[in-house]
Amino acid sequence: MTYVPETRDRQDPNHWDALYFDAGIPVDPVAKAYMVKDLQSWSRNYLLLPIKVIANLGLGVIMTVKRLLPFQFRSYWLMHEMAVWFLNTFATPEACYLIVRHLGIGSNIVNFLIDNGPDPTLPRSNLYPRTVEDLADNAFLEHDIILYNFVLDYHAAQRANPNWVETVQQRGIDFSSVRPLEVDVDTRQRGWLQVLDMESALELFKICYSLCVTSREFQRAVLSLQFDESFAQYFSQFTGDYRWNHVVTNRHPLAPNSPFAAAHDLLLHGVLSEYLQRYLELAAEEQAQEVNPHHATHHA
């Protein structure tokens, strides 16, 4: 997608154009175009507030009932099948594109940290969905499990290799795992009910998620959003570059947010992941130019 700005009027500047062209924090141009379009959605302006009320009421009932029942219902198959149906039926194609893309970004981030961490042999992430239908293969649950297993493996490896930072810095940063993301979502085709923006869709989906997993699993998913701050520190630990950290807003895992704020926290998590993906892409390009400046100049 190519972003098409309005004709410039200096007496009435378009705030969406300014938001898109502002490069203070670089973002992939296609993803950013979809994000700006999503923010302009009429559903975000008119439906998000009542959807939040309905979603939080539903979430409160589900969480209360689940804690009172002597058993924990869960159905990963039902959750993911419902997610695919819901996204294809009600969410805008732009929101679908960004959700599918996000899971691939998560794998890039984990694999980059493994390649440049205390033990490059740690289990890698192979979660790179291309279509909404690919999400049916337990993608959301796997995304969380990959994150937590990585954190536990990563810190065990740090304890076993106390001098790993010096080793990585002497060797140099390896960007080979920052792979291009292939997303096959046709944003030109949409059903007449596909009107929900990203955050509205996430608000409603959290009802389904909380219903189809155990209380422990839902709590784990909610807490994972506040590991953004920790991941920022992981990067800075071996790069020595703290420029990315200041954009992190999901902070303090030891003081977790309410699950009722999960949809907005997830939206922030998606934006921050996009920031980091672009940060890594630009750093990889900069490293390539330093290694082979003539080749980089030729292609430029």
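About the cut-offs
Residues numbered from 1 in each chain as written. Predicted model: local features only at pLDDT ≥ 70, side-chain atom pairs only at ≥ 80, totals over all residues. Heavy atoms only, no water. Phe/Tyr/Trp six-rings, centres within 6.5 Å; stacked < 30°, edge-to-face > 60°. Helix = DSSP H or I, 4+ residues; strand = E, 2+ residues; numbered from the N terminus. Buried < 20%, exposed > 50% of the residue type's maximum accessible area, 1.4 Å probe, protein only. Lys NZ or Arg CZ within 6 Å of the ring centre and 35° of its normal. Axes fitted to C-alpha atoms, helices over the stretch in contact; angles between N-to-C directions. Left-handed = near helix turned anticlockwise from the far one by under 90°. Contact = heavy atoms within 4.5 Å. Nonpolar A, V, L, I, M, F, W, Y, C, P; charged D, E, K, R; others polar. Salt bridge = Lys/Arg side-chain N within 4 Å of Asp/Glu carboxyl O. Core = buried A, V, L, I, M, F, W, Y, C linked by side-chain atoms within 4.5 Å. Arc of directions from axis to C-beta.

A. Structural context of the packing of aromatic side chains. In the structure shown here, the tally under the stated rule is 21 aromatic pairs. Between F112 and F235 the ring centres are 5.4 Å apart and the planes differ by 10 degrees, which places this aromatic pair in the stacked class. Of the two residues, F112 is situated in helix α6 (residues 93-115) and F235 in helix α11 (residues 228-239); the sequence distance between them amounts to 123 residues. The exposure class of F235 is buried, given its relative accessible area of 3%. Through pairs of rings, three or more aromatic residues link up here, namely F112, F150, Y154, W164, F175, F231, Y234, F235 and F238. Positioned above the aromatic ring of Y20, the side-chain terminus of K32 is 5.9 Å from the ring centre. Above the ring of Y128, the side-chain terminus of R179 is found at 3.7 Å from the ring centroid.

B. Summary view of the packing of helix α7 (residues 139-160) against α11. Direction vectors running N to C along α7 and α11 enclose 35 degrees, while the axes themselves pass 13 Å from each other. Two packed elements cross with a definite hand, and for α7 against α11 that hand is left-handed. Along its contact with α7, which presents L147, F150, V151, Y154, H155 and Q158, the element α11 presents F231, Y234, Q237 and F238. In the contact of α7 with α11, the residues fall into seven nonpolar, three polar and no charged.

C. Representation of the pattern of salt bridges in the model. Summed over the entire model, instances satisfying the criterion amount to 13 salt bridges. D115 is paired through a salt bridge with R124; the nearest N and O atoms lie 2.6 Å apart. Under the relative-accessibility criterion, D115 is labelled buried at 11%. Exposure remark for R124: the relative accessible area of 38% places this residue in the partly exposed category.

D. Main features of the nonpolar core. In this structure, L135, F150, Y209 and F231 are the most contacted members of the largest nonpolar core, which totals 77 residues. Top contributing element to this core by residue count: α6, with 13 residues. Excluding residues that lie within four positions of it along the chain, Y209 makes contacts with M79, F140, L141, D144, F218 and A221.

E. Geometry of helix α8 (residues 164-171). When we look at burial in α8, the residues that qualify are W164, V165 and V168. Take α8 and look down its axis: the buried residues cluster within an arc of 100 degrees, on one side only. Buried residues belonging to α8 abut α7 and α11. Positive backbone phi, at 105 degrees, marks G172, one or two positions downstream of α8.

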